[in-house]
Amino acid sequence: MSERLSVFKTYKLFVGGKFPRSESGRVYEVTDSKGKWLANAPLSSRKDARDAVVAARKAFGGWAGATAYNRGQILYRVAEMLEGRRDQFVAEVADAEGLSKSKAAAQVDSAIDRWVWYAGWTDKIAQIVGGANPVAGPYFNLSTPEPTGVVAVLAPQESSFLGLVSVIAPAIAVGNTVVVVASEKAPLPALSLGEVLATSDVPGGVVNILSGRTAEIAPSLAAHQDVNAIDLAGADAELSKELQIAAADNLKRVLRPQAVDWSADPGTDRMTAFLETKTVWHPTGSLGAGGSAY
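Calculation rules
Residues numbered from 1 in each chain as written. Predicted model: local features only at pLDDT ≥ 70, side-chain atom pairs only at ≥ 80, totals over all residues. Heavy atoms only, no water. Salt bridge = Lys/Arg side-chain N within 4 Å of Asp/Glu carboxyl O. Helix = DSSP H or I, 4+ residues; strand = E, 2+ residues; numbered from the N terminus. Buried < 20%, exposed > 50% of the residue type's maximum accessible area, 1.4 Å probe, protein only. Pairing = 2+ DSSP bridges. Contact = heavy atoms within 4.5 Å. Axes fitted to C-alpha atoms, helices over the stretch in contact; angles between N-to-C directions.

A.B. asks: Quick question: what am I supposed to make of the pattern of salt bridges here?
C.D. replies: Side-chain pairs of opposite charge can arise where the charged atoms are in close proximity. Under the counting rule described, the total for this entry stands at 14 salt bridges. The partner of Arg 86 in a salt bridge is Asp 109, with the nearest N and O atoms 2.7 Å apart. In this pair, Arg 86 sits in helix α3 (residues 86-97) while Asp 109 sits in helix α4 (residues 101-121), placing the two residues 23 residues apart along the sequence. What makes Arg 86 partly exposed here is its relative accessible area of 23%. Overall, the relative accessible area of 29% leaves Asp 109 in the partly exposed class. A salt bridge links Glu 158 to Lys 185; the shortest N-O distance between them is 3.0 Å. Remark: Lys 185 occurs in the loop between β6 (177-181) and α7 (188-198) and Glu 158 occurs in the loop between β5 (150-154) and α6 (162-173); sequence separation between them is 27 residues. For Lys 185, a relative accessible area of 49% translates into the label partly exposed. Salt bridges sharing partners connect three or more residues here, namely Lys 9, Arg 85 and Glu 195.

In structure tokens, the structure reads:
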């Protein structure tokens, strides 16, 4: 039997539900923890970032307008697809983070479980952050959460998959769309996640994934007037300060970087960080001796 020619995978960006190469034509080498070459990843440009924001904005109306129950179904479908490609992600995480296969498998299993966890929260989060407010008068006063809009997400640098899922899933679970800058040194699990999202029920543009130099891509996202919020999970202290200054120009919501144990119970903080509260007043009608009239 003749020896087969190896077929190397070509990794691409994930923007608007499609897989473009970087418009710059640039790539960079991705290596494992021991310096062994794994693949070439697209080196995204500022133009790629702007295109991703356009795609995210276009998808926002439909995604935010979908029922919470439907978003939960779609997130659960992503978990199903990840389960089917578990072995691929275990291998990629092991290479990316220098882990044994058993430890990488634990990371991937936790990431899949996290998708399921956030899928269950989509139609429940409104019950803990919204509700009826007591007022002194013949009024209903109801507060309900709404998504912030387009969120730029700098994925964690060290946790290439579990950390990635932990910053993407909560933002989209509550109706936002995202532009994600993958881990600079370990982008391959993120780019493979794009393939899963494309073959699931997630509408194109809800999640857009860029790879490249975080310090090159992030400033244009932080300064972009059509980006409503930014998660700085993957930024170092110096870059974080620069991005917070840029984000202040259009009053973006900013989730500052902090030490996080990605394997711990995530809580609801990353969902509520990218929610706005809408309060509606409505008269109950005249109050007579018999009680309220609606």
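A.B. asks: How do you make sense of the sheet that holds strand β10 (residues 275-283) when you look at a structure like this?
C.D. replies: Strand pairing in a sheet relies on backbone hydrogen bonds, with the paired strands running either antiparallel or parallel. Read across the sheet, 3 strands follow the order β3-β4-β10 without closing on themselves; strand pairing throughout is antiparallel. Lying at the two open borders of the sheet, with one neighbouring strand each, are β3 (131-132) and β10. Pairing between strand β4 (residues 139-147) and β10: 9 bridges, direction antiparallel. Residue pairing for β10: Pro 147 is matched across the bridge by Leu 275.

A.B. asks: For this particular structure, what's the right way to read the environment of Leu 243?
C.D. replies: Tracing the backbone through its elements, the reader meets Leu 243 in helix α9 (residues 237-247). For Leu 243, a relative accessible area of 0% puts it in the buried group. Along the backbone, Leu 243 and Leu 232 are 11 residues apart, and their C-alpha atoms lie at a distance of 8.3 Å. Setting aside residues up to four positions removed in sequence, Leu 243 forms contacts with Leu 154, Ala 218, Pro 219, Ala 222, Leu 232 and Ala 235.

A.B. asks: Looking at this structure, how should I read the sheet that holds strand β9 (residues 253-255)?
C.D. replies: Strand order across the open sheet formed by 5 strands is β7-β6-β5-β8-β9, with parallel pairing between neighbours. The two strands at the open ends of the sheet, each matched to only one other strand, are β7 (207-210) and β9. Strand-to-strand twist across the sheet, computed as the mean angle between neighbouring axes with direction ignored, equals 15°. When β5 meets strand β8 (residues 229-231), the two strands line up parallel, connected through 3 bridges. From the neighbouring strand, Ala 152 faces β8, where its bridge partner is Ile 230.

A.B. asks: Hey, could you run me through the pairing of β4 in this one?
C.D. replies: The two faces of the sheet receive side chains in turn, since in a regular strand these alternate between them. Alignment of β3 against β4, held across 2 bridges, turns out to be antiparallel. Paired with Ala 132 across the strands is Leu 142, a residue of β4. In sequence, β3 turns back onto β4 through a hairpin of 6 residues.

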